[in-house]
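Notes for the structure review
Each chain, written out:
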Amino acid sequence: MTGASQLLAAVVFLPLVGAFLLMLFPADDHRNLKATAFGLSALNFVLSAGLWMSFEPRVPGYQFETNLAWIEQFGIRFHLGIDGISLLLVLLTTFLVPITLLGAWTAIEARVKEFTIAILALETGMLGAFVSLDLFLFYVFWEAMLVPMYFLIGIWGGQRRIYAAIKFFIFTMAGSLLMLVAILYVASQPDGGWDFSLYAALARSFEPTVEPYLFWAFAVAFAIKVPLFPVHTWLPDAHVEAPTAGSVILAGVLLKLGVYGFIRFAFPMFPTAAFAALPLITVLSLISIVYGALAAWVQPDMKKLVAYSSISHLGFCMLGLAAMSVEAVTGSVFIMLAHGVSTGALFLLVGVLYERRHTRVLADYGGIAKRAPIFAFFLVFMVMASAGLPALSGFPGEFLVLLGTFTSKRPMMMAAACIAATGVILAAVYLLWMVHRILFGPLQNPENQHIKDMNLREIAVLAPLAVLAIVLGVAPGLVTDRVEPAVEAWVQQLHERADGIPAYQPDHGALAPVSLTRSVGPRLRRAPVQPVRPAQNDAQRRLDRLFRRGDAQGVPGGPGQAPVARPGVEAQGARPVDRSALRRPILIPGAPAPAPAPRSPAGGEVN
Amino acid sequence: MRPESYSLLYLIPLLPLIGAATLTLVGARLPKALVVLVALGGSLGAFAASIASTWVFYRLQETPLEAVLWEWIAVGRYTFDFTLGFDALTSALILVVTGVGFLIHVYSVGYMKEDPGFFRYFAYLNFFIFAMSILALGRSLPVMFIGWEGVGLASYLLIGFWYSDPEKALAGKKAFIVNRIGDFGFLIGIFTLVGLFGTGDFQLLKEAAAGLRDLDEVLKIGIFAGYTPRAVITFACLSLFVGACGKSAQIPLYVWLPDAMAGPTPVSALIHAATMVTAGVYMVVRLNFFFSPSVAPIAMHVIAWVGGLTAIFAASIGLAQNDIKKVLAYSTVSQLGYMFLAAGLGAYSAAVFHLVTHAFFKACLFLGSGAVIHALHGEQDMRRMGGLRRPLPVVFWTFLISTLALAGVAPLAGFFSKDAILARAFDVSRPLWMLGFLGAGLTALYMGRLLGLTFFGSARYNAAHGADVGHGADAAHGHGTAKEIHLHKPDLWMRTPLILLGALAAVAGLLNLPHVFHLEGVAGGHALETQWFDHYLSSVVGAPQVLLDAGIEWLLMGVSVVWAVFWLFAGYAIYRRGPSATLERATRSGPARWAHVVLREKWFVDEVYEYVIVIPVRTMASFFALFIDPFVIDGLFVKGSALGVRSSGRGLSWLQTGNIQSYATVFVVAVAAIILWAV
């Protein structure tokens, strides 16, 4: 186990350790409780920045892997690792938690100790779920997350908090139980043993009669989390009743776990069933986009408005997955981040108003811009980021999803992209409606006459989000360079492993000019993406290529034999990455011990 | 021609961006003089950088310049670099944007000096220059789209600048949303072109267009397999044109522009007359290798007809408006129609030439109307103006020159640019020429009316001022209630831009004299240089064509000047003594009344949109939010399944305490037990 992989475990568990630490604090020492919790979560962000620094970009596959024996009898292992996708989501989480804590500095006055503990415990739950490569471990984190979130809504929530909390719990629990059953099925091996490792699950192929059920068991759990129409109704209630901190984390991170679950588990484990489900997922995503946007437009409550806008945005994420092209899926991951930033900021801004006026009803406001120009600036800025103004964070993701959907070879996707693009219009409609109702017009309500502008702490909370919104919009390459390799491998492998689906073979455009490959940036100098031709019909071997691990099954050809599926990169003289240094053989419990990997000197010992 | 690298291009957008950022962050604390310095510095810097770039471009024998800044979005198959480009077409637009932009900055210093939002105003204005230069310089569709939406944001902020008035704020919102509808088309157009050609870069697209062999051969590969390239390109052109309709206020998306007059008048001059609204024309000309009668004839017909119809339709509404800015707004819509008429006929350089001259005389007209409104403390209703010729001489003379230019009276700028369009229309399509010709008459008529009502006759502003003012006036200036109002005369800040723009409106025609002016021995023994602008743009849009016979062209020019002067004089004669009592009587009954009401109420288009689109969609939204969600989904899924569980699970009811804490306890204990047992 190297230092780098310990770093990942440290990032995951530091908040939990912090939560235990906070238990020793006296309950009425609010200041120190908050400061310690904030400091710890900020420290965790710094640690995770270390992950970012030492992460090798433009490389698919997992890095910082930790693979320890945990519950041997059941083939349950403590197995963590991140690829480009989870790296970004981990960073989003560690970035949003300190901001949330700082944002809740004065909003939470009761049970501060429990609050800080809940947030930190929640952080470990979320981070763990993003980095688990073992189904059991994932399930533990997934469920562990529910409890603090339930308390966040139920204790520090609004008027109907109990109703909202129970609704939240029942919806997500219903999905989780389905998933648990499916996990148990997947983990039970034909020989009677158990193996909860994700790799083992990926290596198995399920009977065509069973696979759809397993897929949908996972898919329903994740769709509830996303949330996808028609299982979305828990979200507006949860948001409205949750305290600001809860809303920020709920929208910023928790919903992403649904999309992430599709990417990491549901699609790769059951590729054939996933492909069969794509038309339905497409339709549901389109409904979510349009329905969410329209419903947002008529909400009298601003939190509900932002909640429905989340449904619309997350619909774009799911559409990107359904389009199954590298651009669209990368765009989906990008939207997850961008939505975390802009919607997180919008919930914080709603919280700023709520702290002052204790109402979230749009009609109670109007003309606030006059009294609170800084607030007005941030609100308009974040609304523009959320509405996808180019060069702000909302645009690259939406653009990639729509472009990737439009140019996807799957049937009817062109029409789907056109329908989804109406969401871009509607986003302007509901968001500007909100801006208008809050900021503009005469300052009629006498209670708003003396509303105070944002203070320094609140500016400090929102400024990083605003800066990030610009950075993501201007230099989306920071994200996509890390995400794309993982996504590319993901898309290609899914196409290969699903039965009856031709290899992923997108074209550059039927009439692309000859000079395209030499005149534009370095990326296009590589040849058009070639299909990865399976040398033989052997799922195990193709999986090896995906994860580039030592060959546990002793397939002829040996480990690391298959070249990385990015033809042209090496051929055109781009920097070849020595991937062997980044991988280590993975032990699949129950399988024969791996042969020593000749091409991975850094592979080291197996835990 | 391979572009030369010229990295200093980035200064053109960067300088105003720095200005905007500075003013946004610290503007509130800066003294006014410093705000002025930063704002004017930003826009003047951009203008200087544009001149420098044009000079470099010229010195390099008109080799296009480029600055590849960074890889913006690069995923999968596609790379969209952040590249700026500079060619003849760019230089024409960017010089207008930064030049007129700078003059309007100067004017605004005088116009806005008493406004409490002074720094905010200049922050937005600088931001607009930034966004517009990205639009002009962006060398690919996605980068252009940054500017395209950026100017939309600037427009939104500036229309709603006086946001305390809900109507003004709503006008800003309407502008943004209607533009977004256009942007929807623009996006689909981008996707189509990128899907077909694999790139959004203009240079590469042009290359690809040049390499197209057979436009009618059905594609066999790619996402458009089964369609011909012509069909796909036509679809892309029409989609992009939807975007152009939004940004450039053409039928059916023009409705936001008249409302946009809620913004401060210099903003109307800069954004909603001279520059931003011409972006659609610029885009069409920029992509002239697709927007071409030989490549996408159907799309070109649509564009020419939409342009022609908009030209006459908007002019007809302009006849019946009483708000001085509204008249000018409909005039702008109508003139933009002329530009699309030209572009749709393939007369790209005529379209751009009209864009340039229109920027000069329309900016001058708006600034002049701003000076009038300023002088009258916010009055915008022409019925309460009159006789301003004497107290405001500078305004009057510059306004008169620009009016004559707009009406197309020789030898002012608008005459040459409009004539170039009408000559092409006459040659290609007589019905379109007829539309343009009638529109020119209407233009002269409403401008004669405006001139007569505002500057001639007796002063009516003293008597009625402050009474039933129907229209929103520039709020910062408020309403005087005194009977005798003190005229607020324009200061030097305001007069200088007026004079400069008036001069440009007078002489800009020299840029592009018609070929028939190529007469020996007129200018000191040499022939006059004709069609200079056509030749200048030829590297982008192809060599100018001489189509009409010289005799016919002379005849057309003569007829259109007589036609314009006649209607101009008619308008002036009817209205020079104020609102015409005769006309009032005539329109009190019968079909004339209906005609008047229809024109005054703008053909009821806003109402139609409200009832056909907005209200039904909002009703549907309410239906989703107030019925489907709480009753259908929650009712069916949530309560239904709960009911199912309850009835089937009676036997286990002792477990179902309804107490989540106890559930959680059971869960945690169970998990712990499993783990302990396992370990």
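Residues numbered from 1 in each chain as written. Chains lettered and ligands numbered in written order. Predicted model: local features only at pLDDT ≥ 70, side-chain atom pairs only at ≥ 80, totals over all residues. Heavy atoms only, no water.

Scanning chain A from N- to C-terminus turns up 21 helices and two strands. Relative to its full complement of 607 residues, chain A shows a buried share of 67%. Total accessible area on chain A stands at roughly 19200 Å², and carbon and sulfur atoms take up 64% of it. (Helix = DSSP H or I, 4+ residues; strand = E, 2+ residues; numbered from the N terminus. Buried < 20%, exposed > 50% of the residue type's maximum accessible area, 1.4 Å probe, protein only. Areas by Shrake-Rupley, 256 points an atom, 1.4 Å probe, with all protein chains shown as cover.)

This next bit is on the pairing of strand 3 (residues 78–86) of chain B. Residues and elements named next belong to chain B. A large share of strand 3 lies buried, amounting to nine of its nine residues. The alternating pattern of strand 3 places Y78, F80, F82, L84 and F86 on one face and T79, D81, T83 and G85 on the opposite face, and all of these are buried. Looking at chain direction, strand 2 (residues 65–75) and strand 3 are connected through nine bridges and run antiparallel. Bridge pairing in strand 3 links A74 to T79. (Pairing = 2+ DSSP bridges.)

With 27 residues, helix 17 (residues 413–439) of chain A should reach 39 Å at 1.5 Å per residue; the first-to-last C-alpha distance of 39 Å fits that figure. Helix 17 of chain A sits mainly inside the fold: 21 of its 27 residues count as buried. (Expected span 1.5 Å × (residues − 1).)

Moving on, we get to the interface of chain A and chain B. Taken together, the 87 residues of chain A in the interface contact 72 residues of chain B. Counting every contact that joins chain A to chain B gives one salt bridge. For E327(A), the salt bridge goes to R77(B), with nearest N and O atoms at 2.9 Å. When grouped by side-chain class, the residues that make up the side of chain A that touches chain B number 57 nonpolar, 20 polar and 10 charged. (Contact = heavy atoms within 4.5 Å. Salt bridge = Lys/Arg side-chain N within 4 Å of Asp/Glu carboxyl O. Nonpolar A, V, L, I, M, F, W, Y, C, P; charged D, E, K, R; others polar.)

A regular strand places its side chains on the two faces of the sheet in alternate fashion. Residues and elements named next belong to chain A. Of the pairings in the sheet, the one linking strand 1 (residues 63–71) to strand 2 (residues 76–82) comprises six bridges and is antiparallel in character. Paired with N67 across the two strands is H79, which belongs to strand 2. The antiparallel pairing of strand 1 with strand 2 creates a hairpin that spans four residues between the two strands, and G75 there sits at a positive phi of about 65°.

The next subject is the domain arrangement of chain B. What the domain assignment reports for chain B is domain 1 (4–464 + 488–515) and domain 2 (605–678). Once you take the C-alpha centre of each, domain 1 of chain B and domain 2 of chain B turn out to be 51 Å apart. (Domains from an automatic or database assignment.)

Quick look at the nonpolar core now. Counting 462 residues, the largest nonpolar core has F218(A), F267(A), F375(A), M434(A), I438(A) and L439(A) as its most contacted members. Residue-level mapping places this core at the junction of two domains, with at least three residues from each of domain 1 (4–464 + 488–515) and domain 2 (605–678) of chain B. Ignoring anything within four residues of it in the chain, the contact list for L439(A) reads G366(A), G367(A), I368(A), A369(A), F375(A), A376(A), L379(A), V380(A) and Y163(B). (Core = buried A, V, L, I, M, F, W, Y, C linked by side-chain atoms within 4.5 Å.)

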